[in-house]
Amino acid sequence: MYTGTNKTALKSLKRISSSFLQLLKEQPYSSISISNVCLKAGISRQTFYTLFRTKDNLVIYLLRSADRADFTDKNQVTSVSLPHIAGKFSLYLVDNKELLELLYQNRILYLLQDCLFQNLFSTSFLSDYDPLKRKICLDFIAGGLYGIAKNYIEHPDANQPELEKCVIHLFSGDLFL
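Residues numbered from 1 in each chain as written. Predicted model: local features only at pLDDT ≥ 70, side-chain atom pairs only at ≥ 80, totals over all residues. Heavy atoms only, no water.

As for the pattern of salt bridges
Part 1: Under the counting rule described, the total for this entry stands at 2 salt bridges.
Part 2: Put simply, Lys-25 and Glu-98 hold a salt bridge, and the shortest N to O gap is 3.3 Å. Note that Lys-25 is positioned in helix α1 (residues 7-26) and Glu-98 in helix α6 (residues 97-105), a separation of 73 residues in sequence.
Part 3: When its relative accessible area of 52% is taken as the criterion, Lys-25 is described as exposed.
Part 4: For the salt bridge of Lys-150 with Glu-154, the shortest nitrogen-to-oxygen distance reads 3.4 Å. Of the two residues, Lys-150 and Glu-154 both sit in helix α8 (residues 131-154), 4 residues apart, roughly one turn of that helix.
Part 5: Exposure remark for Lys-150: the relative accessible area of 30% places this residue in the partly exposed category.
Part 6: For Glu-154, a relative accessible area of 29% puts it in the partly exposed group. (Salt bridge = Lys/Arg side-chain N within 4 Å of Asp/Glu carboxyl O. Helix = DSSP H or I, 4+ residues; strand = E, 2+ residues; numbered from the N terminus. Buried < 20%, exposed > 50% of the residue type's maximum accessible area, 1.4 Å probe, protein only.)

What follows is the structure, given as structure tokens:
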């Protein structure tokens, strides 16, 4: 997946992602071909494959570039804590509900779990653990957050403070005492 700063490539990323989202609103994920996306975006297949390689990579790009997708806070140097993650994640769910609903309807919301893991792994969260234990813990947390996202889409009556409180209670161990 492209991570550079070339302005032309970045414009193509936006055109591809917005075209894909429009198509996803109109038809199932399984019916959308890379050729369809390229045609709608007005770019070549070669450009698509240079930037994304697969449709799944395009979905991961959408998940990562969505509002509040990053658990780190660029303006703070402090370490990432459970309340910080809970707050950011609950805002992410509320702010990106439409995207998450589309992914859920198309049975591709599971891609969120890997994005969450990668996001957590890029932070200082649990950085004092040995590497294997940290990876296992972060994968467990990402799985739990994915489950909360899935349930939020299935039962959308929860609000942001309730979601934040749920995440904190679940991962602080309060539910098991």
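Let's talk about the packing of aromatic side chains
Part 1: For the structure shown, the criterion picks out 6 aromatic pairs.
Part 2: With 5.5 Å between their ring centres and 45° between their planes, Phe-48 and Phe-52 make a pair best called tilted. The two residues Phe-48 and Phe-52 agree in class, both being buried.
Part 3: Between Phe-140 and Phe-171 the ring centres are 6.3 Å apart and the planes differ by 85°, which places this aromatic pair in the edge-to-face class. Here the residue Phe-140 occupies a position in helix α8, and Phe-171 occupies one in helix α9 (residues 160-172), the gap between them amounting to 31 residues.
Part 4: The exposure class of Phe-140 is exposed, given its relative accessible area of 61%.
Part 5: Feature note: the residues Phe-48, Tyr-49, Phe-52 and Tyr-61 constitute an aromatic cluster, connected by ring pairs.
Part 6: Against the face of Tyr-29 rests Lys-55, its NZ or CZ located 4.1 Å from the ring centre. (Phe/Tyr/Trp six-rings, centres within 6.5 Å; stacked < 30°, edge-to-face > 60°. Lys NZ or Arg CZ within 6 Å of the ring centre and 35° of its normal.)

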